[in-house]
Amino acid sequence: MAVALAASLAVPAGVNAAEASAWIGSWAASPQPTWGPDFAFPTNIPATLQNQTLRQVARISLGGQRIRIVFSNEYGKQPLRIGAAHVALAGTGSATKPGTDRPITFGGKTSAIVPPGAPLVSDPVDLAVTPLASVAVSLFLPDQTQASTFHWDGRQTAYLVPGNQVAAPRLQTDNSTGARIFLSGIQVETPTPAKTVVVLGDSTTDGNGATVDANTRWPDFLAARLAPKNVAVLNAGISGARLLGDRMGVNALARFDRDVLSQPRVKSVVVLLGINDISWPGTAFDPQGIRPSADALIAGYRQLIARAHSRGVQVVGATLTPFEGALAGTPLDNYYHADKDRLRQQINAWIRRSGEFDTVIDFDALARDPAHPARLKPEFDSGDHLHPGDRGNQAMADAVDLDALFAR
């Protein structure tokens, strides 16, 4: 009884003992099922892996004294066998920082089996990480393993080498990918109460157009602004994602619980989705697809809002950015059409005026060219007239009213 009393007295006023130190998501990559060769884009990963080590680097948002790694076999048809795994602070390229390499265990064991459809959370690892630190996660796959669960547009180089090299200080290889494979989350144990913002989006959020290996997605810049406030930012963007449709990841309504509501201490979600629902139909992505109506899209947004509010999570609506001229000169050069833009404007008007979101970020007003409002500002454009570059991503993050994220 005396020990319990002493522990309670060590907790700051207004904070219960359970909240004084707890696990929180500090980085995430939303799992996707791989697709076949009939799709417009290659997966950019091997179909199978065997007797190989995969090292992946991720920049976290909040820090702590201990860390846990989350793997996913969500779309696997067979059990995933992890032969060994290590975590370390990331150095340059494939290197790790000396003295920081730690084995990852699962129930005290250095190997694990992940059933089909399941995630796997590691044991806590004693590795102190600072806010915005980069972490290297190394995974050894001894068996022939179908790479069925991945995240296509990682915007970060991952390294593949033969054999079990999870503890190697540097991997000597030219075999790399920009995708995430099986790695879906990194959690930290925070010493004081913290909270989470999840950004649910498509390629604009996922970082397509941002510099690779530079952490210049707009949620990365937002994470840098929020870390001093003890707020984690999780990027639940998937390039090609849609609110209502599947293919490059399942639709947002289907993945909302997994990617948003299940995150520890989530308090707010930013929704920036819909442009692919509007523009995919009729393109090489979805040749026979039918464009959804404004009513269908609005019904989808309302579902996200209702489900978030039922869990006490605030929903921030973000307007869809201009895209005239998008992907010109590519097999997707019919991605833009004036009729599609009219639907985008309808949706943006509803986001701004309906009052159904708790607050609104007007990325359309921020990003459009005053001289040509249907296009991105030239200084924000990555070059494809659809995705912001690094400067545009910085401007988007800077435009977020931090206090409004938690106003509800």
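## Some words on the packing of aromatic side chains
The tally for this structure, following the rule as stated, stands at 15 aromatic pairs. Plain terms: the ring middles of F39 and F285 are 5.6 Å apart, the flat faces sit at 25° to each other, and that makes the pair stacked. Of this pair, F39 sits in the loop between β2 (32-33) and β3 (48-49) while F285 sits in the loop between α6 (275-279) and α7 (294-309), and the two are 246 residues apart along the sequence. A centroid spacing of 5.9 Å and a plane angle of 90° characterise the contact between F323 and Y335, whose relative ring orientation is edge-to-face. Here F323, found in the loop between β22 (314-318) and α8 (338-353), pairs with Y335, found in the loop between β22 and α8; they are 12 residues apart in sequence, far enough to count as distant. Take F323: its relative accessible area is 0%, and that puts it in the buried class. In this structure an aromatic cluster arises from ring pairing among W35, F39, F41, F150, W152, W280 and F285. Stacked on the ring of W23, the Lys or Arg R68 has its end atom at 4.2 Å from the ring centre.

## With respect to the confidence of the model for the protein
For the protein, the average pLDDT comes to 94, and 95% of its residues sit at 70 or higher. Segment residues 1-15: pLDDT under 50, and five contacts once partners within four positions in sequence are set aside and those in other chains are kept.

## Some details on the pairing of strand β15 (residues 158-162)
Along β15, four of the five residues are buried, which leaves the element largely enclosed by surrounding structure. Bridging between strand β4 (residues 52-59) and β15 involves four bridges; their strand directions are antiparallel. The residue of β15 that forms the bridge with T53 is V161. For β15 and strand β16 (residues 176-177), the ladder comprises two bridges, and the chain directions are antiparallel. The residue bridging A158 from the neighbouring strand is T177, located in β16.

## Some words on the sheet that holds β2
As summarised here, the arrangement of the three strands in space is β2-β14-β17, forming an open sheet in which the pairing is antiparallel. Across the chains shown, the open sheet's two edge strands, defined by having one partner strand only, are β2 and β17 (180-181).

## Focus on the nonpolar core
A general tendency of soluble globular proteins is for nonpolar side chains to be buried together. I67, I69, F71, I82, V137 and I186 are the most contacted members of the largest nonpolar core, which has 57 residues in total. Ranked by the residues each element gives to this core, the list is headed by strand β12 (residues 134-141), at four residues. Each residue touching V137, except ones within four places of it in the same chain, is listed here: L54, R55, Q56, I69, F71, H86, V87, I104, L183 and I186. L234, A252, L304 and A308 belong to the second largest nonpolar core, which has 52 residues in total.

## A few points about the packing of helix α4 (residues 218-226) against helix α10 (residues 390-398)
Taken N-terminus to C-terminus, the directions of α4 and α10 make an angle of 45°; their axes are 8 Å apart at the nearest point. In this view, α4 runs oblique relative to α10, as classed from their interaxial angle. As for the relative orientation of α4 and α10, their crossing is right-handed in sense. In this structure, α4 contributes W218, F221, L222 and R225 to the contact, and α10 contributes D390, N393, Q394, M396, A397 and D398. When the residues that make up the contact of α4 with α10 are grouped by side-chain class, the tally is five nonpolar, two polar and three charged.

## Notes on α10
For an α-helix the count is 3.6 residues per turn, leaving residues at separations of three or four pointing the same way. Among the residues making up α10, those that are buried are G392, N393, A395, M396 and A397. Contacts from the buried residues of α10 go to α3 (203-206), α4, β21 (266-272) and α9 (363-367).

## Quick word on the environment of Q32
Within the secondary structure, Q32 sits in strand β2. By relative accessible area, which is 1% here, Q32 ends up buried. Along the primary structure Q32 and H151 are separated by 119 residues, whereas in three dimensions their C-alpha atoms are 5.5 Å apart. Those residues in contact with Q32 that lie beyond four places of it in its chain are Y75, S148, T149, F150, H151, W152, I238, M248 and G249. A polar contact of 2.8 Å, which involves the side chain of Q32, links it to the backbone nitrogen of W152.

## Let's talk about the sheet that holds β15
Strand order in the open sheet made by the six strands is β8-β7-β12-β4-β15-β16, with antiparallel pairing throughout. Each having just a single partner strand, β8 (102-103) and β16 make up the two edges of the open sheet.

## Brief notes about the packing of α7 against α8
For the pair α7 and α8, the least separation of the axes is 10 Å and the interaxial angle reads 35°. For the pair α7 and α8, the sense of crossing is right-handed. Mapping the contact onto sequence places A294, L297, I298, Y301, R302 and I305 in α7 and L343, Q346, I347 and W350 in α8. When the residues that make up the contact of α7 with α8 are grouped by side-chain class, the tally is eight nonpolar, one polar and one charged.

## A short note on the side chain of S279
Positionally, S279 belongs in helix α6. Non-local contacts of S279, meaning those with residues more than four positions away in its chain, are made with F323, Y335 and K340.

Conventions and cut-offs
- Residues numbered from 1 in each chain as written.
- Predicted model: local features only at pLDDT ≥ 70, side-chain atom pairs only at ≥ 80, totals over all residues.
- Heavy atoms only, no water.
- Phe/Tyr/Trp six-rings, centres within 6.5 Å; stacked < 30°, edge-to-face > 60°.
- Helix = DSSP H or I, 4+ residues; strand = E, 2+ residues; numbered from the N terminus.
- Buried < 20%, exposed > 50% of the residue type's maximum accessible area, 1.4 Å probe, protein only.
- Lys NZ or Arg CZ within 6 Å of the ring centre and 35° of its normal.
- pLDDT = per-residue confidence, 0-100.
- Contact = heavy atoms within 4.5 Å.
- Pairing = 2+ DSSP bridges.
- Core = buried A, V, L, I, M, F, W, Y, C linked by side-chain atoms within 4.5 Å.
- Axes fitted to C-alpha atoms, helices over the stretch in contact; angles between N-to-C directions.
- Parallel < 35°, antiparallel > 145°, perpendicular 65-115°, else oblique.
- Left-handed = near helix turned anticlockwise from the far one by under 90°.
- Nonpolar A, V, L, I, M, F, W, Y, C, P; charged D, E, K, R; others polar.
- Polar contact = N/O pair within 3.5 Å; in protein donor to acceptor, adjacent residues only side chain to side chain.

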